[in-house]
Amino acid sequence: LVMCAHVFSWGRQKESQCGLREDKSDQSWPKKIDSGPLLFKQAEAGGLRTIAISNDNKLYCWGTGHCGELGIPYQECAFTITPIDVVPEDVFWKSVSCGYQFT
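As a starting point, this report considers the structure included with it.

The rules we used
Residues numbered from 1 in each chain as written. Predicted model: local features only at pLDDT ≥ 70, side-chain atom pairs only at ≥ 80, totals over all residues. Heavy atoms only, no water. Helix = DSSP H or I, 4+ residues; strand = E, 2+ residues; numbered from the N terminus. Buried < 20%, exposed > 50% of the residue type's maximum accessible area, 1.4 Å probe, protein only. Contact = heavy atoms within 4.5 Å. Areas by Shrake-Rupley, 256 points an atom, 1.4 Å probe, with all protein chains shown as cover.

**Considerations on the overall build of the protein chain**
- The secondary structure content of the protein chain amounts to 0 helices and 6 strands.
- Along the protein chain, from the amino end to the carboxyl end, the secondary structure elements read β-β-β-β-β-β.
- Taking all 103 residues of the protein chain together, 42% fall into the buried category.
- Restricting to contacts in the protein chain with at least 6 residues of sequence separation, those with at least 24 account for 42%.
- As displayed, the protein chain has an accessible area near 6,200 Å², and 56% of this comes from carbon and sulfur atoms.

**Structural notes on the side chain of Ser35**
- The topology assignment puts Ser35 in the loop between strand 2 (27-32) and strand 3 (40-46).
- Given the relative accessible area of 9%, Ser35 is considered buried.
- Discounting chain neighbours no more than four positions away, the residues touching Ser35 are His6, Phe40 and Ile81.

Spatial relationships are all this shows, so hold off on functional conclusions.
This is the structure:
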């Protein structure tokens, strides 16, 4: 996350944890994630996934979560930035955190 509120990612991409669409090649250098008009105030990587809070206070994720870690019902993999819609809209997100098998 940089001052302009864009997210850059690098490292292992096999499970889409870098959020670089369906490109499965590992990234040796920081690469900007295509988030369209979305800007973010926080992003956290852990295990095989990333979770982020947008400037308009919505949650997004990308990567792999075989046990529900993405917060998206019935979905184990998100190749791109994907909204987490199961949370009530009146919740104000202050921060998020990821571990190896939890978010």
